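Architecture at a glance
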Amino acid sequence: MSKILAFIESRDNKIKNSGFETASTALKLANDIGAEVEVLLIGNGVNAVAGELSAYGIKKILIADDPRLEKYSTTAYSKVAAEAAKQRGADFIILSATAMGKDIAPRLSAKLEAGLASDCTEILAQDGNIIAKRPVYAGKAYIELKVTSQIKIFTLRPNVFKSIKVEGISAEIEKLDIDLNDADFNVKVKEIVVSSEKIDVTEANVVVSGGRGLKGPENFYLVEDLAKVLGGASGASRAIVDAGWRPHSDQVGQTGKTVAPNLYIAVGISGAIQHLAGMSSSKCIVAINKDKDAPIFQIADYGIVGDALEIMPVLIEECKKVLTS
Amino acid sequence: MKIAVCVSQVPDTTTKVKVAADGKSIDPAGVTYIINPYDEFAVEAALQLKEKHGGETIVVSAGSERNKEAIKKSYAMGIEKGILIKSESEMDSYTVSRNLADVLKEINPDIVLFGKQSIDYDDSQVGNLTAELLGIPSISVVVSIDIDGSKITCEREIEGGKEIVESSLPVAICAQRGLNTPRYPNLKGIMAAKSRQIEERQPTYTENKTEVISMTLPKPKAKGKILGTDASAVPELVKLLREEAKVI
Ligand SMILES: Cc1cc2nc3c(=O)[nH]c(=O)nc-3n(C[C@H](O)[C@H](O)[C@H](O)COP(=O)(O)OP(=O)(O)OC[C@H]3O[C@@H](n4cnc5c(N)ncnc54)[C@H](O)[C@@H]3O)c2cc1C
Ligand SMILES: Nc1ncnc2c1ncn2[C@@H]1O[C@H](COP(=O)(O)O)[C@@H](O)[C@H]1O
């Protein structure tokens, strides 16, 4: 039977949502192609959270637990993952396409001479193999891709795949024995600076983004307030990042972040192709723009053609009302 | 200090994608190609490092004749030497990286710069993959670089914040937007670029590890509902988000 190894990202001993998505996707694929799944957790004290994966139907958890692995290190984490894949004889390796997953996967590709399909939005089983579907040219086209090497690696776009709880499973935990030396920590995270208390656009279920149609930075609170009411994050078009209204970390689009929330609300954003590149896989898109011909309306599910400065306060109040009733 | 930069040549961001007759690739007819935008940040970073720490700069690109334009653009900005690993057949990220690594081993740079991703296939693979083949550390999605002797400290963007990452040299760095503002080539640079030679190499590796089966355009989305032209449409919108789309 072939084997799928899923890398599960945790930070500060909290498993990321994308980790559960990866686990569930691995299980679904295993079921489709007839494979078994083992997941890998790397960190310091990760056995404390390992059990949480049982709730998603995982039966076998491999942990690499070491005080030196508390903070992320490209080289050390990649070595652990590659060694785990070798020791366990993995045929497929799945990671989430998060900052960490995207950093590790290419190193695994080199170490294991394995082809890598990155940022997949769909993966399908076909004759015991996996076919990946992924956007290219910033989402203007999709390719179906086959990995032809013996070991095959896939990263999954966060928020696109579902995590599914499964009852009655209790996972077996096994500690891996992997030799790490000082040279494996030549590159190391010294510190993490959290930008603010707010949720990151890439991890939010709801993203409200503002553009130049807001007229000035003093009106951006409208976007932030709506995001807050909806429990989401606020994002920005490049135009207002360039204008200095918002930090670059808020930018959604081809040269910003790629998001795929359940709900994306674009306020005063024209919908330039480079902006669409970052948000077109959102499940439901709402546009508020005073120009009925703005390209954003071509991909919006719902739209209001009007003045954002007039509409937003009403929308915030209405959402408050509905969500608290 | 020896500074290398890897650049690719990609369709302009406003390109309308048409699928070629083979059903697997983009139809190049009418497409304008540019240096990968992230690679301009990498080139600029290379030039700034040279200005600050001294040394030499060299650009490497793997691809067709077309990639010469990316090298010339790097020359015009100020890079001194360039190598094209010339191949007319499609190379995936693994193959590109193997070829880059072979050339970089010879160059033996202290720092090698990449863009965060090529905006054609948006792979985000080549930087770290090449670094691993070279056996050196790497830092990806970098928005600031600070070199102090044999130590480099970078800020790297992650979800919800930044990591401050420290590494020894030699190192590979993948540039994210925000790292710097790429300079515009001046007339002198453009003239100098014209006379500068590009060294051509044969690929040392050709076995792709991935195969594109098909390329398709996204299905056009069904026309959305326009609910009105002012705030009076808000209750209807909220109702639909709640009851039809079920997203709030
Ligand atoms: C290489 C490259 C990379 C890029 N990467 C990105 C990227 O990552 N992300 C990104 O966003 N852009 C990116 N861009 C820029 C992109 O092309 C657009 O310029 C940008 O998205 C426009 O931002 P905007 O929609 O806020 O501004 P505009 O295009 O100026 O649009 C403002 C909109 O607001 C509407 N409006 C005006 N007043 C009101 C009002 N009172 N109420 C409601 N609506 C109003 C207008 O009708 C208009 O549609 C990139 C460009 C290039 C060349
Ligand atoms: N064909 C190539 N030749 C040289 N460098 C490349 C090539 N393809 C990608 N790169 C470099 O690797 C980075 C990431 O590309 P990718 O992994 O293709 O998204 C780019 O920004 C370039 O710096």
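Because the structure is predicted, anything quoted here is derived from the model rather than measured.

What follows covers the domain arrangement of chain A. All names here are of chain A. For chain A, the assigned domains read domain 1 (3-185) and domain 2 (206-324). A separation of 32 Å is found between the C-alpha centroids of domain 1 and domain 2. Contacts between the two partners involve six residues from domain 1, matched on the other side by seven residues from domain 2. Across the interface of domain 1 and domain 2, roughly 580 Å² is buried in total on both sides, 55% from carbon and sulfur atoms. Considering only the side of domain 1, the residues that lose the most area to domain 2 are Ala 138, Arg 157 and Asn 159, jointly responsible for 66% of the buried surface there. The tally of links between domain 1 and domain 2 comes to zero salt bridges. Across the side of domain 1 that touches domain 2, the residue classes break down as three nonpolar, one polar and two charged.

Here the focus is the interface of chain A and chain B. Facing the 87 residues of chain A at the interface are 75 residues of chain B. Of the roughly 6,900 Å² buried at the junction of chain A and chain B (both faces included), carbon and sulfur atoms supply 56%. On the chain A side of the contact with chain B, Arg 107, Tyr 137 and Tyr 302 of chain A bury the most area, a combined 11% of that side's loss. Our enumeration of links across chain A and chain B arrives at eight salt bridges. A salt bridge links Arg 134 of chain A to Asp 123 of chain B; the nearest nitrogen and oxygen atoms lie 3.4 Å apart.

Glancing now at the site of ligand 1. Residue and element names in this part refer to chain A. Near ligand 1 lie 26 residues; those nearest to it are Ser 237, Gln 251, Thr 255, Ser 270 and Gln 274. A distance of 2.7 Å is found between a nitrogen atom of ligand 1 and a side-chain nitrogen or oxygen belonging to Thr 255. A distance of 3.3 Å separates an oxygen atom of ligand 1 from a polar backbone atom of Gly 256. Within the complex, the protein chains bury 80% of what would otherwise be the 990 Å² of accessible surface of ligand 1.

This part takes up the pattern of salt bridges. By the definition in use, this model includes 43 salt bridges over all chains. With a closest N to O distance of 2.6 Å, Glu 132 of chain B and Arg 107 of chain A form a salt bridge. Placement of Glu 132 of chain B in helix α4 (residues 126-134) and of Arg 107 of chain A in helix α4 (residues 99-112) is noted, with the two residues assigned to different chains. When its relative accessible area of 1% is taken as the criterion, Arg 107 of chain A is described as buried. Measuring nitrogen to oxygen at the nearest pair gives 2.9 Å for the salt bridge that ties Glu 65 of chain B to Lys 68 of chain B. With relative accessibility at 15%, the residue Lys 68 of chain B sits in the buried group. A single network of salt bridges, built from pairs that share partners, joins Lys 3, Glu 38, Lys 60, Arg 88, Glu 172 and Glu 174 of chain A.

Put simply, chain B has an average pLDDT of 96, and 100% of its residues get 70 or more. Scored as a complex, the prediction yields pTM 0.92 and ipTM 0.92.

All names here are of chain B. Near ligand 2 lie 18 residues; those nearest to it are Cys 6, Asp 39, Ala 62, Ser 118 and Gln 125. Taking Ala 62, its main chain carries an N or O atom lying 2.6 Å from a nitrogen atom of ligand 2. Within the backbone of Gly 115, one N or O atom sits 2.9 Å away from an oxygen atom of ligand 2. Protein chains shield 95% of the accessible area of ligand 2, which is 480 Å² for the free molecule. When residues of the shell around ligand 2 are assigned to their parent elements, the largest contribution, three residues, is made by strand β4 (residues 56-63).

Time to look at the nonpolar core. With 69 residues, the main nonpolar core has Leu 40, Leu 69, Ile 93 and Leu 108 of chain A together with Ile 111, Leu 113 and Ile 173 of chain B as its most contacted residues. In terms of residue count, helix α1 (residues 37-53) of chain B provides more of this core than any other element does, eight residues in total. With residues near it in sequence (within four places) discarded, Leu 40 of chain A still touches Leu 5, Ala 6, Phe 7, Ile 8, Leu 62, Ala 81, Ala 84 and Leu 176 of chain A. By size, the runner-up hydrophobic cluster in this structure holds 45 residues, among which are Ala 132 and Val 136 of chain A together with Ile 26 and Val 31 of chain B.

Below, the discussion takes up the packing of α1 of chain B against helix α2 (residues 68-77) of chain B. What describes two packed helices is the angle between their axes and the distance between those same axes. All names here are of chain B. Where α1 meets α2, the axes come as close as 10 Å, and the angle between the chain directions of the two elements is 35 degrees. Between α1 and α2 lies a crossing of right-handed hand. Contact residues: α1 offers Glu 40, Val 43, Glu 44 and Leu 47, while α2 offers Lys 73, Ser 74 and Met 77. Taken together, the residues of the contact of α1 with α2 sort by class into three nonpolar, one polar and three charged.

Given 3.6 residues per helical turn, the α-helix brings residues three or four places apart onto the same face. Residue and element names in this part refer to chain A. Residues of helix α5 (residues 221-229) that are buried: Leu 222, Val 223, Leu 226 and Ala 227. For α5, the arc enclosing every buried residue in end-on projection is 135 degrees, short of the 170-degree limit, so these residues lie on one face. For α5, the secondary structure elements touched by its buried residues are β14 (206-210), β15 (233-236), β16 (263-267) and α9 (308-324). Positive backbone phi, at 70 degrees, marks Gly 231, one or two positions downstream of α5.

Another point: the environment of Asp 225 of chain A. In this structure, Asp 225 of chain A sits in helix α5. Here the alpha-carbon distance between Asp 225 of chain A and Val 39 of chain A, two residues 186 residues apart in the chain, equals 39 Å.

With that settled, the discussion passes to the packing of α9 of chain A against helix α6 (residues 234-243) of chain B. Relative orientation of the contacting elements α9 of chain A and α6 of chain B amounts to 45 degrees, with a least axis distance of 9 Å. When the axes of α9 of chain A and α6 of chain B are compared, the pair comes out oblique. The interaxial crossing formed by α9 of chain A with α6 of chain B has right-handed handedness. Between α9 of chain A, through Ile 311, Val 314, Leu 315, Glu 318, Cys 319, Val 322 and Leu 323 of chain A, and α6 of chain B, the contact on the second element is made entirely by Val 234, Pro 235, Leu 237, Val 238 and Arg 242 of chain B. Across the contact of α9 of chain A with α6 of chain B, the residue classes break down as ten nonpolar, no polar and two charged.

Secondary-structure assignment places Asn 128 of chain B in helix α4. Residue classification places Asn 128 of chain B among the buried residues on the basis of a relative accessible area of 3%. Here the side chain of Asn 128 of chain B touches Ser 138 of chain B through a polar contact of 3.1 Å, side chain to side chain. When sequence neighbours within four positions are dropped, the list of residues in contact with Asn 128 of chain B reads Thr 74, Asp 103, Pro 106 and Arg 107 of chain A together with Ser 138, Ser 140 and Cys 174 of chain B.

Reading the values: the criteria
Residues numbered from 1 in each chain as written. Chains lettered and ligands numbered in written order. Predicted model: local features only at pLDDT ≥ 70, side-chain atom pairs only at ≥ 80, totals over all residues. Heavy atoms only, no water. Domains from an automatic or database assignment. Contact = heavy atoms within 4.5 Å. Buried area = accessible area lost by both parts, 1.4 Å probe. Salt bridge = Lys/Arg side-chain N within 4 Å of Asp/Glu carboxyl O. Nonpolar A, V, L, I, M, F, W, Y, C, P; charged D, E, K, R; others polar. Near = heavy atom within 4 Å. Polar contact = N/O pair within 3.5 Å; in protein donor to acceptor, adjacent residues only side chain to side chain. Areas by Shrake-Rupley, 256 points an atom, 1.4 Å probe, with all protein chains shown as cover. Helix = DSSP H or I, 4+ residues; strand = E, 2+ residues; numbered from the N terminus. Buried < 20%, exposed > 50% of the residue type's maximum accessible area, 1.4 Å probe, protein only. pLDDT = per-residue confidence, 0-100. Core = buried A, V, L, I, M, F, W, Y, C linked by side-chain atoms within 4.5 Å. Axes fitted to C-alpha atoms, helices over the stretch in contact; angles between N-to-C directions. Left-handed = near helix turned anticlockwise from the far one by under 90°. Arc of directions from axis to C-beta. Parallel < 35°, antiparallel > 145°, perpendicular 65-115°, else oblique.

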